[in-house]
Amino acid sequence: MVVHIQLLLVAGVISVICAVLNLFAATVPQWYLTYPNAFTMGLGTTCAGNCQSTSYNTFGSNVFCQTGTAWHDREIAVEALVWISIIIEIIMLILTLLAWHGKVTFQGTCQMVALAVVAAFPPFLVMCALAAYGDMIQNWLFCNGSFCDLFAANRPNDDCGYGSSFICVIVGFFMALFAAVCYVVHACVDLEERRATLLEV
């Protein structure tokens, strides 16, 4: 039986919104910031007036517990998780549009389960990215506590915290999770309808 297109379309629209949010997060260096004197950190980019590529090997060992190479590798891993989730969300959108126009039908339970499993990857990947970056800033990178602890020691009147890019990834995580639930619901409904059809026969 053909999947219920309306809910599938909702999931597809949510997938493209998630992709846009994650694309913003991957390209805008606003993962962590200080204010009112704006200093922002992104994935491979730092901004203090002007934005430039992060110089991972220019920091003193008395401040950072990790090497520049380890820090760079951790940010690359976070960025890869975000970009892979974007690619999967775009694939889900394409499948949704094809189903909407009748070019693709998900008629088998195995196909529906596979679709639900693929849809579950973006929120899982984004969750891993959030956990990896949060742990890096709060525990892993700095010897004397979190970035805010280090910053407060030098600028006690300023504040710091997660920026808009990090927040967008959080929002994208919950939306991707909802989209995945929509696909899983379709798989379950499809399975129940098939069982009911078999019992009637």
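Before reading further, recall that the structure is shown in the block above.
The structure contained in this document is the topic of the report that follows. Owing to the predicted nature of the structure, the values given are computational and were not obtained by experimental measurement.

Moving on: the overall build of the protein chain. Counting its regular elements, the protein chain contains five helices and five strands. In the protein chain, which comprises 201 residues, the share counted as buried stands at 39%. Restricting to contacts in the protein chain with at least 6 residues of sequence separation, those with at least 24 account for 76%. Split by element, the accessible area of the protein chain, about 10,500 Å² in all, is 67% carbon and sulfur.

Of note, E75 is situated in helix α2 (residues 68–100). For the buried E75, no salt bridge is present, and the opposite-charge side chain at shortest range is R74, 9.6 Å distant. Within the structure, E75 has its side chain in polar contact with the backbone nitrogen of G44 (distance 2.8 Å). Residues in contact with E75, not counting those within four places in the same chain, are G42, L43, G44, Y56, Y133 and M136.

According to the stated counting rule, one finds six aromatic pairs in the structure shown. Ring geometry for Y162 against F166: centres 4.1 Å apart, planes inclined by 15°, an arrangement best described as stacked. Judged by its relative accessible area of 31%, Y162 falls in the partly exposed class. Among the aromatic residues, ring-to-ring pairing joins W31, Y32, Y133, Y162 and F166 into one connected group. A cation over a ring is seen here: R74 above W140, with NZ or CZ 4.2 Å from the ring centre.

As summarised here, the arrangement of the five strands in space is β4-β3-β2-β1-β5, forming an open sheet in which the pairing is antiparallel. Of all strands in the sheet, those bounded by a partner on one side alone are β4 (50–53) and β5 (159–162). The average angle at which neighbouring strand axes cross in this sheet is 15°, direction not considered. Summarising the sheet, strand β1 (residues 32–35) and strand β2 (residues 39–41) pair through three bridges and their orientation is antiparallel. If you follow T34 over to β2, its bridge partner there is F39. The strands touched by helix α4 (residues 147–154) are β1, β2 and β5; relative to β5, the strand with the most contacts, the crossing angle is about 165°.

Bringing the side chain of S15 into the picture now. Of note, S15 is situated in helix α1 (residues 5–27). Owing to a relative accessible area of 5%, S15 belongs among the buried residues under this scheme. The residues contacting S15, other than those within four sequence positions of it, are E89, M92, A179 and Y183.

If you look at soluble globular proteins, the nonpolar side chains tend to sit buried side by side. By size, the foremost hydrophobic cluster in this structure holds 29 residues, and its most contacted members are W31, Y32, W71, Y133 and F147. Listed by contribution, the elements that provide at least two residues to this core are α1, α2, α3 (109–140), α4 and α5 (164–200). In this structure Y133 touches W31, Y32, M41, L43, E75, V78 and F166, once residues within four positions along its chain are discounted. Ranked by size, the runner-up nonpolar core spans 15 residues in total, among them A116, A119, A180 and C182.

Before going further, it helps to examine the environment of G49. Along the chain, G49 falls in the loop between β3 (45–48) and β4. A residue is classified by how much of its surface remains accessible, and G49, at 74% relative accessible area, is exposed. Distance in space between the C-alpha atoms of G49 and F39 is 7.6 Å, their sequence separation being ten residues.

Another aspect to go through is the state of the cysteines. Under the definition given, this model contains one disulfide. There is a disulfide in this structure between C47 and C51, and the S-S distance comes to 1.9 Å. Taking the torsion about the S-S bond as the criterion, the C47 to C51 disulfide, at about 110°, is right-handed. Looking at C47, the relative accessible area reads 8%, which means it is buried.

Calculation notes
The residue count restarts for each chain, going from 1 along the sequence in the order it is written. Where totals are concerned, whole chains, interfaces and linings use all residues; where local detail is concerned, this predicted model gives features only for residues with pLDDT of at least 70, and gives and counts side-chain atom pairs only at 80 or more. Side-chain descriptors were evaluated using all non-hydrogen atoms of the structure, hydrogens and water having been removed beforehand. Comment: elements are numbered from the N terminus, with helices defined as DSSP H or I runs of at least four residues and strands as E runs of at least two. Residue burial is assigned from relative accessible area. The probe radius is 1.4 Å, only protein chains are included, and a residue is buried under 20% of its type maximum, exposed over 50%, and partly exposed in between. By the convention used here, residues are in contact when the closest approach between their heavy atoms is within 4.5 Å. Per-residue accessibility takes into account occlusion by the displayed protein chains alone, with areas from the Shrake-Rupley method and a 1.4 Å probe. The charged-residue count follows a simple rule in which Lys and Arg add positive charge and Asp and Glu add negative charge, with His and chain termini not counted at all. In what follows, salt bridge is the name for a side-chain nitrogen of Lys or Arg lying within 4 Å of a carboxyl oxygen of Asp or Glu. A 3.5 Å cut-off defines polar contacts: any pair of N or O atoms within that distance qualifies, except that in protein one atom must be a possible hydrogen donor and the other a possible acceptor, and neighbouring residues in sequence count only when both atoms are side-chain atoms. For Phe, Tyr and Trp, where Trp contributes only its six-membered ring, two rings pair if their centres lie within 6.5 Å, and the inter-plane angle classes them as stacked under 30 degrees, edge-to-face over 60, or tilted in between. Charge-over-ring placement is defined geometrically: NZ (Lys) or CZ (Arg) within 6 Å of the ring centre, and within 35 degrees of the ring normal. Strands qualify as paired when DSSP identifies two bridges or more between them. Fitting a line to C-alpha atoms yields each axis, with helices limited to the stretch in contact; the angle taken between N-to-C directions then spans 0 to 180 degrees. The definition of a nonpolar core used throughout is a set of buried Ala, Val, Leu, Ile, Met, Phe, Trp, Tyr and Cys residues joined through side-chain atoms within 4.5 Å. When two cysteine sulfur atoms lie within 2.5 Å, the pair is treated as a disulfide.

The quantities given are spatial measurements derived from coordinates; they are silent on function.
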